[in-house]
Amino acid sequence: MTAPLSPDFVNGEVSFWYRSIGVPEPGGPLDGNLEADVAIVGAGYTGLWTAYYLKKAQPSLRIAVLEKEFAGFGASGRNGGWLTGALAGSPERYAKTHGADAVRRLQRAMFAAIDEVIKVAAAEGIDADIVKGGELTVARSAAQAARLHESLAAQRRWGWTEEDVRLLSTGELDSRIRVNGAVAATWTPHCARIQPAKLVRGLAEAVRRLGVEIYERTPVTEIAPGRAVTPRGTVRAGYVLRCTEGFTARIPGYRRAWLPLNSSMIVTEPLPDDVWAEIGWDGQELLGDMAHYYIYAQRTADGRIAFGGRGKPYLYGSRIDARGHTPAWTIGALWELLTAFFPAVARFRVDHAWSGVLGVPRDWCSTVHVDRATGLGWAGGYTGHGVTTSNLAGRTLCDLVLGRETELTGLPWVGRRVRAWEPEPLRWLGVHSMYRLYRLADARESAGLARTSVLAKIADLITGH
Ligand SMILES: Cc1cc2nc3c(=O)[nH]c(=O)nc-3n(C[C@H](O)[C@H](O)[C@H](O)COP(=O)(O)OP(=O)(O)OC[C@H]3O[C@@H](n4cnc5c(N)ncnc54)[C@H](O)[C@@H]3O)c2cc1C
């Protein structure tokens, strides 16, 4: 399907979120060598939260943040704006090493991290259009409904109570958001809508106010114990923390660590009151579904729908198209889904499309780690759930660097070792077959299959999802 584009349509250029507040002019690069206590590579949420908590805990620390483009250039300035309590990874896999109780603690820590972000945003005067309206997950076929029930049963096993997540009747769903073709839904209060670029910009300002220098236009070309090397100078530091998530594969030595998977978004023109009267969505809930080619959506503060999903494919050799240009077929596919969810939107147009990369480890579970012997540390591999997880990561990296043993450093994602992805062409073949199989599986399920298609199970087996 071809999507109707507005006359002001923009493709890429980082994201709509930045277009609405202005793409920043990058600040000055590192120019010469520097001594620091902690060097942080990457100024997205992970790097900035880490700098924030470290500097708050120990104001005398000399912290240098090194950023290739500008603070918030990566996924942190492009995401769907779901400040969600969902775990970044499979509870079963975390439980294998640390047991079920530790996973339940991790889950509670995720819920608490949502409120921590909201609290710090308020304390630092960051207006990021935050509304904690919860998350609605809808099923639009019998197979999706079966998965929704399975997923709810699994959540119960991992400690989600009736207060944490519950089934909605279709009437209750309709009173919140009228989604065409929805046959089942759940709602959890553990999610807040944010404007991603406003949050990351505000966080960068807060970090600078604390006295942390963020060097922009400063690509790190080598990370080694005690040093981060850039074209115009080397930072020597006791701790060097890699906070580059989806971009990690471009750093020498880390090519097969986390696969850079693309996620793509479109945003509509502002929708008039009569359309909102038809759709509802007064509670600003985040909206997702149970398709294999899943979607994620928000009603923006300025009355549009921002709608994202899998789309633009993984690029051979873990390449990254950094400014987020999105192919026409991806825009068309997202538009087709959006108008299937909300037929009333079909007479409007797309104002902006963009893409970004998120980091996917081989076992699809995130990690946070500091090796006190080498001083090297990292956090990431959030598989598309990094908005909240990066806050937990920042606080955990802070404790690990300061050598504190806390509740956070005992959580089961700390210090996990994950094997590398296969070399090419296997990586490319694996991800592309996953996409193809998921698409076929969704089509079969929409055509009436009452259970999860075996094709999706094969896709999960291939990629370890
Ligand atoms: C389209 C999209 C939608 C998403 N939606 C959601 C969502 O709704 N909810 C959710 O929880 N998660 C979502 N995610 C994932 C989430 O945005 C990320 O997990 C999170 O922002 C990661 O933050 P980060 O700081 O670790 O990485 P990033 O924000 O990607 O920051 C990494 C930074 O490192 C810099 N960098 C890279 N290489 C170098 C280098 N060599 N030297 C110096 N600097 C370097 C980059 O320029 C970048 O600024 C989405 C992601 C995308 C792409």
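Residues numbered from 1 in each chain as written. Predicted model: local features only at pLDDT ≥ 70, side-chain atom pairs only at ≥ 80, totals over all residues.

In the nomenclature of an unreviewed UniProt entry, the protein chain corresponds to FAD dependent oxidoreductase from the organism Thermobispora bispora.

The subject of this paragraph is the overall build of the protein chain. What the protein chain contains, in helices and strands, is 12 helices and 19 strands. Taken over C-alpha atoms, the radius of gyration comes to 21 Å for the protein chain, in line with the 23 Å a tight globule of 465 residues would show. If one aligns the C-alpha atoms of the protein chain with their principal axes, the spans along those axes are about 60 × 50 × 45 Å. Expressed as a percentage of the 465 residues in the protein chain, the buried residues total 52%. Residue pairs at least 24 apart in sequence account for 79% of intrachain contacts in the protein chain once pairs closer than 6 positions are excluded. (Helix = DSSP H or I, 4+ residues; strand = E, 2+ residues; numbered from the N terminus. Rg over C-alpha atoms; globule rule 2.2 N^0.38 Å. Buried ≥ 20, exposed ≤ 12 C-beta atoms within 10 Å, placed from the backbone. Contact = placed C-beta atoms within 7 Å.)

On to the site of the ligand. Not every one of the 44 residues close to the ligand is listed here, only the nearest: Gly 42, Gly 44, Gly 74, Gly 356 and Gly 386. Only α2 (45-57), β4 (82-84), β13 (259-268), β17 (350-360) and α10 (386-401) provide two or more residues apiece to the shell around the ligand. Counting residues per element, the shell around the ligand draws most heavily on α10, which supplies 4 residues. For the shell around the ligand, a count of residues per class yields 18 nonpolar, 21 polar and 5 charged. (Near = placed C-beta within 6 Å. Nonpolar A, V, L, I, M, F, W, Y, C, P; charged D, E, K, R; others polar.)

With that settled, the discussion passes to the environment of Asp 442. Relative to the helices and strands, Asp 442 is located in helix α11 (residues 426-446). A residue is classified by how many C-beta atoms lie within 10 Å of it, and Asp 442, with 23 of them, is buried. Sequence spacing of Asp 442 and Pro 313 is 129 residues, and the spatial spacing of their C-alpha atoms is 17 Å. Once you skip the residues sitting within four places of it in the chain, Asp 442 turns out to touch Ala 291, His 292 and Tyr 293.

Spatially, 9 strands are ordered β1-β17-β13-β16-β15-β14-β5-β7-β6 in an open sheet, and the strand pairing comes out mixed. Here the strands that pair on one side only, and so sit at the sheet edges, are β1 (5-11) and β6 (166-168). Going across the sheet, the axis of each strand differs from the next one's by a mean of 25 degrees, ignoring polarity. Pairing between strand β5 (residues 135-139) and strand β7 (residues 184-188): 5 bridges, direction antiparallel. Bridge pairing links Glu 135 to Thr 188 in β7. (Pairing = 2+ DSSP bridges. Axes fitted to C-alpha atoms, helices over the stretch in contact; angles between N-to-C directions.)

All right, on to the pairing of β5 then. Within β5, 5 of the 5 residues are buried, which leaves the element mostly enclosed by the surrounding structure. Note that β5 and strand β14 (residues 286-289) share 4 bridges and pair parallel. Residue pairing in the sheet places Glu 135 in a bridge with Leu 286 of β14.

What follows deals with the environment of Gly 253. Structurally, Gly 253 can be placed in the loop between β12 (233-242) and β13. For the pair Gly 253 and Glu 222, spaced 31 residues apart in sequence, the C-alpha to C-alpha distance is 8.5 Å.

With that out of the way, let us pick up the environment of Asp 174. Mapped onto the elements, Asp 174 comes out in helix α6 (residues 170-176). Judged by the 14 C-beta atoms lying within 10 Å of it, Asp 174 falls in the partly exposed class. Residues Asp 174 and Gly 280, spaced 106 residues apart in sequence, show a C-alpha to C-alpha distance of 7.9 Å.

This next bit is on helix α9 (residues 328-341). When the terminal C-alpha atoms of α9 are compared, their 20 Å separation across 14 residues agrees well with the 20 Å that a helix rising 1.5 Å per residue should span. Residues of α9 that are buried: Thr 330, Ile 331, Ala 333, Leu 334, Trp 335, Leu 337, Leu 338, Thr 339 and Phe 341. (Expected span 1.5 Å × (residues − 1).)

Moving on, we get to the packing of α2 against α10. As a packed pair, α2 and α10 sit with axes 8 Å apart at the nearest point and diverge in direction by 40 degrees. As far as their axial angle goes, α10 and α2 are oblique. In this structure, the crossing between α2 and α10 has a hand that is right-handed. On the side of α2, the interface is formed by Tyr 45, Thr 46, Trp 49, Thr 50, Tyr 52, Tyr 53, Leu 54 and Ala 57, while α10 contributes Gly 386, Val 387, Ser 390, Asn 391, Ala 393, Gly 394, Arg 395, Leu 397, Cys 398 and Val 401. Broken down by class, the residue content of the contact of α2 with α10 amounts to 11 nonpolar, 6 polar and 1 charged. (Parallel < 35°, antiparallel > 145°, perpendicular 65-115°, else oblique. Left-handed = near helix turned anticlockwise from the far one by under 90°.)

So, about the nonpolar core. Residues Val 38, Ala 39, Leu 48 and Leu 66 are the most contacted members of the largest nonpolar core, which totals 141 residues. Ranked by residues supplied to this core, first place goes to helix α4 (residues 100-123) with 8 residues. For Leu 66, the residues in contact, after removing those within four places along its chain, are Leu 30, Ala 39, Ile 40, Val 41, Tyr 215, Thr 218, Val 220, Ala 228, Thr 230 and Val 235. (Core = buried A, V, L, I, M, F, W, Y, C linked by C-beta atoms within 7 Å.)

Let's shift gears to the packing of α4 against α10. It is the contact of α4 with α10, at a shortest axis distance of 9 Å, that shows an interaxial angle of 90 degrees. Between α4 and α10, the interaxial angle falls into the category roughly perpendicular. Contacts from Ala 109, Met 110, Ala 113, Ile 114, Glu 116 and Val 117 of α4 reach α10 at Thr 388, Asn 391 and Leu 392. The residue makeup of the contact of α4 with α10, split by class, is 6 nonpolar, 2 polar and 1 charged.

A few words on unusual backbone geometry. Of note, the amide linkage connecting Glu 424 to Pro 425 takes the cis form, showing an omega dihedral of 5 degrees. Position of Pro 425 relative to the elements: it lies in the loop between α10 and α11. For Glu 13, which is not a glycine, the phi torsion comes out positive at approximately 50 degrees. For Glu 13, the position within the fold is in the loop between β1 and α1 (16-21). On the basis of neighbour counts, which here come to 14 C-beta atoms within 10 Å, the residue Glu 13 falls in the partly exposed class. A positive phi angle is found at Ser 318, which is not glycine, with a value near 55 degrees. The class for Ser 318 is buried, based on 24 C-beta atoms found within 10 Å.

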